[in-house]
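One letter stands for each residue in the lines below.
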Amino acid sequence: MNSYQQFINGSFVNSHSSEWIEVENPYTGEIIARVPNGNEADAKDALEAAKASQTAWAAKTPTERAGYLKQLAALIRANRIELAKTLASEQAKILPLAQVEIDVTAEYFDYYAGWARIYEGEIINSDRLNENIFLFYKPIGVVVGICPWNFPFFVMARKVAPSILTGCSIVLKPSSLTPLTTFEFAKLLATLDLPKGVVNFVSGSGKTLGSTLVKSPLTDLVTLTGSVEAGQEIIKNSAENVTKVSLELGGKAPAIVFEDADIDLAVKSIVDSRVIFSGQVCNCAERAYVHKNIYGKFVEKLTAAIKAVKYGDPFDASSVMSSQVDKAQQTKIDEIVKRALAQGAKALAGGKIAETKTGYFYEPTLLVDVKQDWEIIQKEVFGPVLPVVPFSDFDEAIALANDCEYGLTSSVFSTNINTVLRAIKGLKFGETYVNREHFEAMQGFHAGWRKSGIGGADGKHGLMEYLQSQVAYIQF
């Protein structure tokens, strides 16, 4: 069994803690590796290394810094098969999806390298004669990145790539459930001549190591991808030092299917969005609203599509989805569904824990006869469960979709451009997908409204999260 070390100040070092976190393969139940259960001393060492390196790193040109991003992209591609296997093993993600995550991560480093000559300041008109007003963008400083377990490798890049490019240094904490691919990446990074301390990886619990990272006066930005509860804790812990936070939190994405929609396209897109990585994706379609005139036909086709979803070994090419990430996640999903069934919901497909010899599987599930104010509609399930509700008219559909504390993603299915544009205008979500599955692009801006987050990631606007402005008034 592999044992990993913390990666601090350019070297792999033993943790100050003697405790370990065991990493389970959710499909087999086997403990496949262990990582340090780091403590406050580990956090302080990593932050001090990041702080010591940041000024000199920021003094390099953006093109110099971008060169390292290109090298990292090349290293990922050279090791893409091994990385994908590690990723699939530590989280029971089907191998094709794991491979996509690895490959897109390489593209992400290349994408942000391309911003080196593009991001810029401003010249602002002055009210005074003989004065120029310049607005400069400068690196925010030391970044703390806290990653989730569902897309650990890609989200790592979402935090590391803009940090490197803008002249920030970073301390990144992977999820305790899925830290292995990140530490394998650290091994690749260690082969470069990247200045020591610019990128650091430390593992440990959120309550101990994570809390220390967030509360530290050395931290200038905390970027978290995680649950609403984790985000609320970050806000509390960052308050004393008024540290900037960028939070991507939960979602409860509605998919609205209007009467004139292409039903087959809508069914496929919604099912694809619901079962990707076993439903454990924050921007997944979590609830569907279907016009009453096509409701029966739509539900009939949706039921067949969900029943056809094959689940099993993540290394089996025929598997569409695999196990939930752990027993706790499986139990959470099962309890939410059981409460919905007790309230009167009907399961047209699934509705229970799958009977398998290995893994924490939950059957792809379709629920009807649900009410808008039930938990199954209002709270994030984060599993392969889809409740479907009929609606009568446009205004009702938008009102139902917006009736939620989350605001990350949404989707609309219609062949009428006027309906589509009206819906986009009325929806209170950071992203809206039209006639397609839920999945964002790296050049977009992945950001939520309401309890789905503060700030965002990707594209130009994601890059700006890592920069702070300085205005100079120059009179001559």
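The structure presented is a predicted model; accordingly, all values stated were derived computationally and were not measured. (Residues numbered from 1 in each chain as written. Predicted model: local features only at pLDDT ≥ 70, side-chain atom pairs only at ≥ 80, totals over all residues. Heavy atoms only, no water.)

**Student:** Would you mind going over empty space enclosed by the protein in detail, with residue names and values included?
**Tutor:** On inspection of all chains with the given rule, the structure shows 1 cavity of 30 Å³ or more. Quantified by volume, the largest cavity comes out at close to 110 Å³. Taken together, 14 residues form the lining of the largest cavity, with Lys 159, Thr 223, Ser 246, Gly 456 and Ala 457 sitting closest to its centre. Classifying every residue of the lining of the largest cavity gives 5 nonpolar, 6 polar and 3 charged. (1 Å grid on protein atoms, 1.4 Å probe; cavity = no way out; pocket = protein on both sides within 12 Å on 5 of 7 lines; lining within 4 Å. Points joined across faces, edges and corners; volume = space filled by probe spheres on them. Nonpolar A, V, L, I, M, F, W, Y, C, P; charged D, E, K, R; others polar.)

**Student:** How would you explain the sheet that holds strand S5 (residues 31–36) if you had to name every residue and give the values?
**Tutor:** Through backbone hydrogen bonds, the strands of a sheet pair up, either in parallel or in antiparallel fashion. Taken together, the 3 strands give an open sheet; going across it, the order is S1-S5-S4, and neighbouring strands pair in mixed fashion. In the strand order of this sheet, the two ends are held by strand S1 (2–3) and strand S4 (20–24), each with one partner. Both S1 and S5 contribute to a ladder of 2 bridges, which runs parallel. The partner of Asn 2 across the bridge, within S5, is Ala 33. (Pairing = 2+ DSSP bridges. Helix = DSSP H or I, 4+ residues; strand = E, 2+ residues; numbered from the N terminus.)

**Student:** Account for helix H9 (residues 263–275), naming residues and giving values.
**Tutor:** An ideal rise of 1.5 Å per residue puts 18 Å on 13 residues; H9 measures up with 18 Å between its terminal C-alpha atoms. Residues Ile 263, Ala 266, Val 267, Ser 269, Ile 270, Val 271, Ser 273, Arg 274 and Val 275 constitute the buried set of H9. Those residues of H9 that are buried lie in contact with strand S13 (253–257), strand S14 (285–291), helix H10 (295–307), strand S17 (385–391) and strand S19 (409–413). Residue Asp 262 occupies the N-cap position of H9, its side-chain oxygen lying 3.2 Å from the main-chain nitrogen of Asp 264. Once H9 ends, the next one or two residues include Phe 277, with phi positive near 45 degrees. (Expected span 1.5 Å × (residues − 1). Buried < 20%, exposed > 50% of the residue type's maximum accessible area, 1.4 Å probe, protein only. Contact = heavy atoms within 4.5 Å. Polar contact = N/O pair within 3.5 Å; in protein donor to acceptor, adjacent residues only side chain to side chain.)

**Student:** Which residues make up the nonpolar core, and what are the values?
**Tutor:** The nonpolar side chains of soluble globular proteins are, as a tendency, buried together. Ranked by internal contacts, the top residues of the largest apolar core, which has 70 residues, are Phe 109, Met 156, Val 160, Leu 165, Phe 185, Val 199 and Phe 201. It is helix H5 (residues 152–166) that contributes the most residues to this core, 9 residues altogether. Those residues in contact with Phe 109 that sit more than four places away from it in its chain are Leu 69, Leu 72, Ala 73, Ile 76, Met 156, Ala 157, Val 160, Ala 161 and Phe 185. Residues Phe 258, Tyr 289, Val 337 and Ala 340 belong to the second largest nonpolar core, which totals 28 residues. (Core = buried A, V, L, I, M, F, W, Y, C linked by side-chain atoms within 4.5 Å.)

The quantities given are spatial measurements derived from coordinates; they are silent on function.
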